[in-house]
There are 2 protein chains.
Amino acid sequence: MQNDSILLAQLNPIVADVEYNYNKAVEYLNRAKKLGIKLVVYPELFLLGYPPIDIIERYPLIVHENIKFLHKFAKQCTEISALIGFCEFNNSATGKKYFNSVAFIKDGKIEKIMRKSLLPVYSEFSEGRYFESAPFVSSQRIIQFGGYRPGVVICEENWNDDAFFDKPMYAFDPVKILVDEQKPDFLINLSASPTRAKKEQLLNNMLSNCAKKYSMPLLYVNQTGSTDCITFCGASRVYDANGELIARAKSFEEDFFVVTPYKSRQNKLEPLPKGVEKTLNSQKEFSLDYDWDMERTFLTIVSAIKDYFEKNGFKRAVLGLSGGLDSSCCAYLLACALGSNNVLGVSMPSKITSLQSKSDAKQLALNLGINFFEIPIKDMTDAASLTFNTLFDKIDFCWSDYRYKAPLTFDNIQARSRAMILWGISNEFSYTIPIATSDKSELYMGYATINGDMSGGFAPICDVTKTKLFALARWMNDNAPIRNAIPNAVLLKPPGAELAINPETGKPLLAEEALMPYEFLDEVIWRLENLQQSAEQMLNEKFLYEKSHNVTFEEKKSWLEKFACRVQFAQFKWSIMPPGPIVDSRSIVRAEYIQPITSRLKF
Amino acid sequence: MQNDSILLAQLNPIVADVEYNYNKAVEYLNRAKKLGIKLVVYPELFLLGYPPIDIIERYPLIVHENIKFLHKFAKQCTEISALIGFCEFNNSATGKKYFNSVAFIKDGKIEKIMRKSLLPVYSEFSEGRYFESAPFVSSQRIIQFGGYRPGVVICEENWNDDAFFDKPMYAFDPVKILVDEQKPDFLINLSASPTRAKKEQLLNNMLSNCAKKYSMPLLYVNQTGSTDCITFCGASRVYDANGELIARAKSFEEDFFVVTPYKSRQNKLEPLPKGVEKTLNSQKEFSLDYDWDMERTFLTIVSAIKDYFEKNGFKRAVLGLSGGLDSSCCAYLLACALGSNNVLGVSMPSKITSLQSKSDAKQLALNLGINFFEIPIKDMTDAASLTFNTLFDKIDFCWSDYRYKAPLTFDNIQARSRAMILWGISNEFSYTIPIATSDKSELYMGYATINGDMSGGFAPICDVTKTKLFALARWMNDNAPIRNAIPNAVLLKPPGAELAINPETGKPLLAEEALMPYEFLDEVIWRLENLQQSAEQMLNEKFLYEKSHNVTFEEKKSWLEKFACRVQFAQFKWSIMPPGPIVDSRSIVRAEYIQPITSRLKF
């Protein structure tokens, strides 16, 4: 091993489990020592785990513990140096309680402490809640390592170059100050940077641009694994002084990743999820081509499920299998994340459920090798209907004026009986939680039953739109560990909840009959999230769907009005959705999107 | 009316309903004009409504609209001036998209724009997500009014006096800069300041101290009404140059409040909620004396329910009445907030429900004058049990190792059948939502059933501990509009969910048997929230409960361990709780407390 080799310790911490994180850090340190490596770089805030959010405010003992373990860790650093993220108390006279800091440890001692100066407060980031933004002191950012003088920046500090970003978010650029004032030999960035659709291109361009601009190598170390809704993709990397990518660690898994910043040929270049590199320009138009994001989407959701279960002590998942797309995809993802034996699919047919749906559900389970049982819900829905009708007749004495002519009550009895069965299983069998199978398109429409299909401990596909989910199903059939698990019939049938009969067709009501074409709906969502367009603007834009279908102005207007009306009402439902992984470039997942339910959305 | 009279327009806006807010503003403006008043002061961000959070990021049309209505409003300001909060686009080269601004309007024109410099990002505040913190420019803060030169500050800018606060949160004090540089005649503060237990004393001392310190009157205008979890208490006010309170508007309602800052005798002093003024020192010890906070607690919850319903278009509430404390208090609060006719209580006895519980539920409903029906759930629970048992026998083929010996399945079938009935009513009768009746003590313990009593559209008492709820019930009986509505038996019986029989007693299991004494539990919660004590620290503290009961060290330790274990698991349940009002000095309500579920709480 070269004397100028550096270990980028791409690890998966557990928030607030300091001892666990410490043990991981020591394990990599010892492996590095054995190889004669002289410097180990860990991710941002590694000892505490990212993101801690309000835990450190309510449970300060955890912060005391992370300080204790930092000192313990320092003692292990003989013959080797380390850069490691931790949470520091802010003892100065003003400001928030803590700093998001990095310790440089050398010869068994903490030699320097670096405090993060730019704290993200937007989207899934809320560092400003509990961390104080520190003044940027460039002299504190220089370390000594094997004759070199690298400079250190922490995550967001790399993201404010006014030549790269149209509108930088902060008033100063720490990297520029560091380079101007200290002329380091190369740069090291400690990050905890979540995956998002289309973020790879931005990250790559930004880091490459930085290395090239200052003509110095740039090492970037990221964490991996998931915390609730947020997934970190790893893919730690090195750019040389020309901005060329010369090393990249694995994506979506831990990696003991050794690099030599000045010797490009000795470095490994692990592949990214397929397609992620291809789309180097921002998407300007809505498209049904999701190929470029399939593997990343799959890995993100699998990581999120896996870590939500493992880190929280859950072992098994149970879900209703309707024979439809949403539950089939969820079952697939769960089988990949938890192992088929730990997944139980239950088919719970009602009188509206078709034979085809029942056989599709069974076939899917067989293909995936998951546990599967069928149980009719007729007794439960009959009992509920009887009880309801007795009660409703009584309520009519006081509220008859308010009784709906065509209520959704029976539709929902079915969905809620199913959820009741799943939660019953969760009560009867240990460490088992039900899965909410709602997708993003239907959540936007509020087309999901409270305490029904919306209910569960985790919602794996809540940030995947229906058209993208169709693409994902096909992609999984072709590429995921279990091939062709989703029956063709599931991919071909039009989505529908099978909760009610459409009086016009005499067949189960289809979702597109109740809502609008999914292709149109998903473009509305895309335009709202990515372009922040209003209904009036959208009315004047040509939708992809309109290229292949005749849509009258009135029809388009009515769909947009339906969207506006339903999305306003859906806020209330989103507030009681379980957590699920952020996948898309923008999402309505609780960790990212915070808004009052009580409001008038003007769209 | 004097020429130096000022209207403090204490109003209740709806977030993002700009036209509604504008109309309210104009109504007060016109009334003020008729009285010859020369200046109207509105709350912070009034045209947009507070707090908008991410709405302005996703729906920029709303911000455009607030600018349009600001200009429309300016044209109405002839013969009168106004200070009004609005959301401004940040057109500079760096920073977040918007400013939280105040316009000074005179002679039909916007004369000055003032941009908020200190943005709160903690607890229920998240202004840093979308607003840019502006440099404080004191010359922009001086207005001309009737020969005076008042200076203007915006909410948080008043909260950073380093002589008043032990550790100010920000690096500079805008009020000091304003006074030093501009020597204004008096100060005007535009706020949107939520109510909290014990905040009145802090607010009063802080504002009084400020007026006295600078020897100038201070006018403070606050908004009122609720947005989801956050309630604004109004109580706008004026302090004279000696720091004496010389005027105060009504609490928890809109008020057309005219003040003359230099003529103390002409001002009105409306009462605060009873007791709120009394506790001028911070509470140092846990106490079961809640008298000082009863009226404020009642008004906060009633305001929260009223506005959640009215602003969101809900009209009626339905809840299960068990004859226990939680549902009785919820019914009481709902009746006061919505009117008895709009509340429906349903008694849903199972085989475990006692005759006493049934008759208490009925008596309560009768006393409150709410609609009431009884419906047994036996048919539903029988059908569910039968279905479950058939299914569980099948699941035993694969998961028999994981089957609990003493599962809670049947207990929860009861709670879930009840919630299913309530949601059914919500589906059948228009604009009707079920109410989640969980209290704060039980939520901390995770002692609530998902899709059962935890389920609903709103959770009125989720921030009220059990011992405080007993006090509130008694207080309402003595003081609320409907006297003595809660039957004495409800106040005397020990709490219990009546979902299971305690094998040791042969009677329904009591909550304190399953958990620990509520008096002890509530002190643990109080110490955790207010002192951030760890279990080890608590073990060495003398609890109030220990003064009247013998508690062994082992017993105390086991209760603290039980607390730690249950609170860790409860995180997962909190994530799917509906919104409810923040009442206490600290809370676990979603708007205030954000933390990853996936974590290890060290306590």
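It should be emphasised that the depicted structure is a prediction, and the values quoted were computed from it without experimental measurement.

(A) Here's a closer look at the confidence of the model for chain A. Summary statistics for chain A give a mean pLDDT of 95 and a share of 99% for residues scoring 70 or more. In the model output, the complex is listed with pTM 0.97 alongside ipTM 0.96.

(B) Looking closely at the relation of the copies chain B and chain A. Rotating chain B by 180° and translating it 0.0 Å along the rotation axis places it on chain A, where the RMSD comes to 0.0 Å. The transformation just described matches what one would write down for a two-fold rotation axis. When C-alpha distances to the rotation axis are compared across chain B, the minimum falls at B:I576, with a value of 2.4 Å. A share of 100% of the interface residues of chain B reappears at the interface of chain A, consistent with the copies meeting face to face through the same patch.

(C) Broad picture of the interface of chain B and chain A. Between chain B and chain A, the residue contacts involve 127 residues of the former and 128 residues of the latter. Both faces combined, the contact of chain B with chain A buries some 11,100 Å², and carbon together with sulfur accounts for 62% of it. When the buried surface of chain B facing chain A is broken down by residue, B:R58, B:Y59 and B:W399 rank first, second and third, together holding 8% of it. Put simply, chain B and chain A have 10 salt bridges between them. Between B:K602 and A:E65 there is a salt bridge whose closest N-O contact spans 3.5 Å. The tally of links from chain B across to chain A stands at 51 residue pairs in polar contact (both at pLDDT 80 or more).

(D) Here's a closer look at the pattern of salt bridges. A complete count under the given rule lists 74 salt bridges over all chains for this structure. Across the salt bridge formed by A:D326 and A:K466, the nearest N and O atoms sit 3.1 Å from each other. With A:D326 in helix α7 (residues 325-338) and A:K466 in helix α12 (residues 466-479), the pair connects residues that are 140 residues apart, well separated along the chain. Three or more residues are tied together by salt bridges with common partners; here these are A:E57, A:R58, A:K97, B:E124, B:R196, B:R586 and B:E592.

(E) Layout of the packing of α7(A) against α12(A). Residue and element names in this part refer to chain A. It is at 10 Å that the axes of α7 and α12 come closest, and there the two elements cross at 45°. With respect to α12, the element α7 is oriented oblique. Along this stretch, α7 crosses α12, giving a crossing that reads as left-handed. Of the residues in α12, those touching α7 at L325, D326, C329, Y332 and L333 are K466, L469, F470, A473, M476 and N477. Considered class by class, the residues forming the contact of α7 with α12 number eight nonpolar, one polar and two charged.

(F) Quick look at the side chain of B:S5. Structurally, B:S5 is set in the segment before β1 (6-10). Look past the residues within four positions of B:S5 in its chain and what remains in contact with it is B:I37, B:K38, B:L39, B:F145, B:V258, B:V259 and B:T260.

(G) Examining the state of the cysteines more closely. Applying the stated criterion across every chain yields a total of zero disulfides over all chains. A:C233 takes part in no disulfide bond, and the closest cysteine sulfur to it belongs to A:C155, at a distance of 11 Å.

(H) Representation of the sheet that holds strand β17 (residues 343-347) of chain B. Residue and element names in this part refer to chain B. Strand order in the open sheet formed by four strands is β18-β17-β16-β19, with parallel pairing between adjacent strands. Each end of this open sheet is capped by a strand with a single partner; those strands are β18 (371-374) and β19 (432-434). Each strand axis lies, on average, 20° off the axis of its neighbour in the sheet, ignoring direction. Inspection of the sheet shows strand β16 (residues 316-320) paired to β19 by three bridges, in the parallel sense. Looking across to β19, one finds that V318 is bridged to P434. Where helix α10 (residues 409-428) meets the sheet, it contacts β16, β17 and β19, and its direction lies at approximately 170° from that of β19.

(I) Summary view of the pairing of strand β11 (residues 224-227) of chain B. Residue and element names in this part refer to chain B. Alternating residues of β11 divide into T224 and S226 and G225 and T227, and every residue in both groups is buried. Of the strand pairs in this sheet, β11 and strand β12 (residues 230-233) are connected by four bridges, and their pairing is antiparallel. Within β12, the residue paired with G225 across the bridge is F232. Following β11, the chain reverses through two residues before pairing antiparallel with β12; D228 in that reversal takes a positive phi of roughly 55°.

(J) The pairing of strand β14 (residues 245-248) of chain A, seen in detail. Residues and elements named next belong to chain A. Relative to β14, strand β13 (residues 237-239) is paired through three bridges, and the arrangement is antiparallel. Bridged to Y239 within β14 is L245. Between β13 and the antiparallel strand that follows it, β14, lie five residues; G243 among them carries a positive phi value of about 85°.

(K) Focus on unusual backbone geometry. In this structure, A:P51 follows A:Y50 across a cis peptide bond, with omega equal to -5°. Along the polypeptide, A:P51 turns up in the loop between β2 (39-41) and α2 (55-58). Unlike most non-glycine residues, B:Y431 shows phi in positive territory, near 50°. The residue B:Y431 is located in the loop between α10 and β19 in this model. The exposure class of B:Y431 is partly exposed, given its relative accessible area of 47%.

(L) Region of the structure containing the packing of aromatic side chains. Under the criterion given, the structure shown has 66 aromatic pairs over all chains. Ring pairs connect the aromatic residues A:Y308, A:F309, A:F314, A:F458, B:F569 and B:F572, which therefore count as one cluster. Above the ring of B:Y402, the side-chain terminus of A:R316 is found at 3.4 Å from the ring centroid.

Each value, and the rule that gives it
By convention here, each chain's residues receive numbers from 1 onward along its written sequence. Lettering of chains starts at A and numbering of ligands starts at 1, both following the order in which they are written. In keeping with the predicted nature of the model, local features appear solely for residues at pLDDT of at least 70, side-chain atom pairs appear and are counted solely at 80 or more, and the whole-chain, interface and lining totals rest on all residues. To get the side-chain values, all heavy atoms of the structure are used, and hydrogens and water are removed first. Residue-level confidence of the predictor is what pLDDT reports, using numbers from 0 through 100. When the copies are overlaid, the least-squares fit takes in C-alpha atoms only where the residue has pLDDT of at least 70 in both copies. The contact rule is simple, with two residues in contact once any of their heavy atoms fall within 4.5 Å. By convention, the term buried area covers the 1.4 Å-probe accessible surface removed from two parts as they join, with the contributions of both added. For this document, the term salt bridge refers to a Lys or Arg side-chain nitrogen within 4 Å of an Asp or Glu carboxyl oxygen. In protein, a polar contact requires one atom able to donate a hydrogen and another able to accept it; more generally it is a pair of N or O atoms within 3.5 Å, and residues adjacent in sequence count only if both atoms are side-chain atoms. Labels follow the DSSP assignment, with helices taken as runs of H or I lasting at least four residues and strands as runs of E lasting at least two, numbered in each case from the N terminus. To define axes, lines are fitted to C-alpha atoms, for helices over the stretch in contact only, and angles between the resulting N-to-C directions are given on a 0 to 180 degree scale. Note on terminology: angles under 35 degrees are roughly parallel, angles over 145 are roughly antiparallel, angles of 65 to 115 are roughly perpendicular, and the others are oblique. Working rule for handedness: look at the near helix, and if it is turned counterclockwise from the far one by less than a right angle, call the crossing left-handed; if clockwise, right-handed. Residue type decides the class: Asp, Glu, Lys and Arg count as charged, Ala, Val, Leu, Ile, Met, Phe, Trp, Tyr, Cys and Pro as nonpolar, and the leftover types, Gly among them, as polar. What counts as a disulfide here is a pair of cysteine sulfur atoms lying within 2.5 Å. Being paired, for any two strands, means DSSP has found at least two bridges between them. Throughout this description, buried means an accessible area under 20% of the type-specific maximum (1.4 Å probe, protein chains only), exposed means over 50%, and partly exposed covers the range between. The pairing test for Phe, Tyr and Trp rings, Trp by its six-membered ring, is centres within 6.5 Å, and the orientation test on the planes gives stacked under 30 degrees, edge-to-face over 60, and tilted for anything in between. We call a charge positioned above a ring when the Lys NZ or Arg CZ atom is no farther than 6 Å from the ring centre and deviates by at most 35 degrees from the ring normal.

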